[in-house]
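# Breakdown of the fold
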Amino acid sequence: MLSAYGREKSSFHGNERIQGKNAGLTGHLSEILSNLPLVKEFCAEEWEKKRGNHWIHQLFQVNISNSLITNLLLQLKNLASLLHTTAMIGLGLWMISHNEITLDIWVAFYLYSQNLLNSFSRIMSIWGTVKSSQRAVRRITELMAEQTEPDDPCTGSDGMKGDILFENVSFSYENQPVLKNLTFTAPEGKTTALVGPSGAGKTTFFQLFERFYSPDQGSIRMGKTDIFKLPLVQWRRMIGYGPQSPYLFSGTIRENILYGIHRPVTEQELLQAIEDSQCSDFIRAMPHGLMTRIGEGGSGLSGGQRQRISLARLFLQNPKILLLDEVTANLDPESEYRVEQALARLRKGRTTFVIAHRTSAVKDADEIILLNSRSFNTPVPERSL
Ligand SMILES: Nc1ncnc2c1ncn2[C@@H]1O[C@H](COP(=O)(O)OP(=O)(O)OP(=O)(O)O)[C@@H](O)[C@H]1O
Ligand SMILES: [Mg+2]
């Protein structure tokens, strides 16, 4: 009985260890593949090879020890079954020869005990399956328990207007405070610039505004309405977000520009957006123009080209609120000037937040908010690196 339980228990833990090592190896491989230029640049091939070999060796070791334990316990189970049969026959023969029992009673008893052993074996194997599924079920349960975003229908955003008011907003990642008691008003239809040192929380501000996170305290309102009470899909569709690092995926340039545009787009509009974002020259130079395929994350394009494609998407989106996070940082001065001109046209009459380090990009702003990472009341704890 103990040996049967032991077999299932160790094979359960063995499976868990194999899954853990497998996850480690695949995680390592995907990290390496997505950072190949970095590995080559720093001539780290040999080092990565060693790290890869280490993971493969560990996976090999747990597989071997798991097979050894499983096979050893299987042999023990076979041995126990053999001993049981031998004991039953020996004891039966002795009892029959001493007239303790008759042959038919021994046969019946033998068959019953055999059945009992088989049933016990089956229960143990079901128990093993249940135990090894337990981890997956636990993980799924944890995921199901995660709070999900509301899945509200989109019914238009006409009623949503007004100034944007931040009132005493504080936010921390885990226990790291980023924004503290942020209070200001961004007037409707005007441009508000956010400036401050790297790490001050400018991008975090946009993520709060897009409702990727909720503030720890304080409120963000549009007019009189708390933005967290507005239907999420409508709220996000009102916002055009030009991110600091453009989000592109594998597909054609055309597909990338049209991604997430929830309305029919005419060829004229598409060409205008491409013109405004200064994409036309480099797209024309590509072998298949707009139908040129790019790789995952926009590989095959320069940093500036990725940024301009992301901007073309923004021009097409025609949003009510614009969030621009250093969108011209990777452009050459001439393209930057032209994109700024087009953005100035786009910004007209829209509530816009601009993050920029260069003064040229914030000079036209109606309001400037300075975020200072050292302005927290809570001192940043001294930690060794
Ligand atoms: N997802 C996250 N989890 C934990 N901490 C984060 C996360 N994102 C940012 N931070 C931390 O929050 C702080 C503010 O980051 P944020 O990206 O908002 O800065 P930023 O002002 O946009 O900087 P930059 O000008 O360099 O883009 C930083 O100290 C950063 O380490
Ligand atoms: Mg940032």
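To keep things clear, this report deals only with the structure shown in the data block. (Residues numbered from 1 in each chain as written. Chains lettered and ligands numbered in written order. Predicted model: local features only at pLDDT ≥ 70, side-chain atom pairs only at ≥ 80, totals over all residues. Heavy atoms only, no water.)

The helix and strand tally for the protein chain stands at 12 helices and 11 strands. Here the C-alpha atoms of the protein chain give a radius of gyration of 33 Å, more than 25% beyond the 21 Å that 2.2 N^0.38 yields for 385 residues. Put simply, the protein chain has 385 residues, and 37% of those count as buried. Sequence separation of at least 24 residues holds for 73% of the intrachain contacts in the protein chain that already meet a minimum separation of 6. Entry remark: accessible area of the protein chain is about 23800 Å², with carbon and sulfur atoms responsible for 57%. The positive charge centre, built from 41 side chains, and the negative charge centre, built from 39, are 2 Å apart in the protein chain. (Helix = DSSP H or I, 4+ residues; strand = E, 2+ residues; numbered from the N terminus. Rg over C-alpha atoms; globule rule 2.2 N^0.38 Å. Buried < 20%, exposed > 50% of the residue type's maximum accessible area, 1.4 Å probe, protein only. Contact = heavy atoms within 4.5 Å. Areas by Shrake-Rupley, 256 points an atom, 1.4 Å probe, with all protein chains shown as cover. Lys, Arg positive; Asp, Glu negative; His and termini not counted. Charge placed at Lys NZ, Arg CZ, Asp CG, Glu CD.)

The subject of this paragraph is the coordination of the magnesium ion (ligand 2). Here the magnesium ion (ligand 2) is held by the protein donor atoms Thr203 (OG1) and Gln244 (OE1), which lie 2.0 to 2.4 Å from it. With Thr203 in helix α5 (residues 202-209) and Gln244 in the loop between β6 (239-242) and β7 (251-252), the pair connects residues that are 41 residues apart, well separated along the chain. Judged by relative accessible area, Thr203 falls into the partly exposed class, the value being 24%. The partly exposed category is assigned to Gln244, whose relative accessible area is 37%. (Donors = N, O, S within 2.8 Å, 3.2 Å for Na, K, Ca; no water.)

Attention shifts here to the sheet that holds strand β1 (residues 164-173). Spatially, the four strands line up as an open sheet ordered β2-β1-β4-β5, and their pairing is antiparallel. Lying at the two open borders of the sheet, with one neighbouring strand each, are β2 (176-186) and β5 (225-226). Summarising the sheet, strand β4 (residues 217-222) and β5 pair through two bridges and their orientation is antiparallel. Pairing of Arg221 across the sheet is with Asp226, part of β5. Running over the sheet, α5 touches β1, β2 and β4 and is turned about 110 degrees from β1. (Pairing = 2+ DSSP bridges. Axes fitted to C-alpha atoms, helices over the stretch in contact; angles between N-to-C directions.)

Moving on: the pattern of salt bridges. Side chains carrying opposite charge are able to pair once their charged atoms draw close together. Taken as a whole, this structure holds nine salt bridges when the rule is applied. Residue Lys49 pairs with Glu46 through a salt bridge whose shortest N-O separation is 3.8 Å. Of this pair, Lys49 and Glu46 both sit in helix α3 (residues 45-97), three residues apart, which is roughly one turn of the helix. On the basis of relative accessibility, which here comes to 49%, the residue Lys49 falls in the partly exposed class. A salt bridge links Arg236 to Glu149, with the shortest nitrogen-to-oxygen separation between them at 2.7 Å. Of this pair, Arg236 sits in helix α6 (residues 232-238) while Glu149 sits in the loop between α4 (103-145) and β1; the two residues are 87 residues apart in sequence, bridging distant segments of the chain. Counted as one network, the salt bridges with shared partners bring together Glu31, Glu48 and Arg51. (Salt bridge = Lys/Arg side-chain N within 4 Å of Asp/Glu carboxyl O.)

Attention now moves to the packing of helix α8 (residues 267-276) against helix α10 (residues 303-317). How two helices pack is summed up by the angle between their axes together with the distance between the axes. The contact between α8 and α10 brings their axes to 8 Å, and the two run at 130 degrees. Put simply, α8 runs oblique to α10. Handedness of the α8/α10 crossing: right-handed. For the pair α8 and α10, the contacting residues are Glu269, Leu270, Ala273 and Asp276 in the first and Ala312, Phe315 and Leu316 in the second. Among the residues forming the contact of α8 with α10, the class breakdown is five nonpolar, no polar and two charged. (Parallel < 35°, antiparallel > 145°, perpendicular 65-115°, else oblique. Left-handed = near helix turned anticlockwise from the far one by under 90°. Nonpolar A, V, L, I, M, F, W, Y, C, P; charged D, E, K, R; others polar.)

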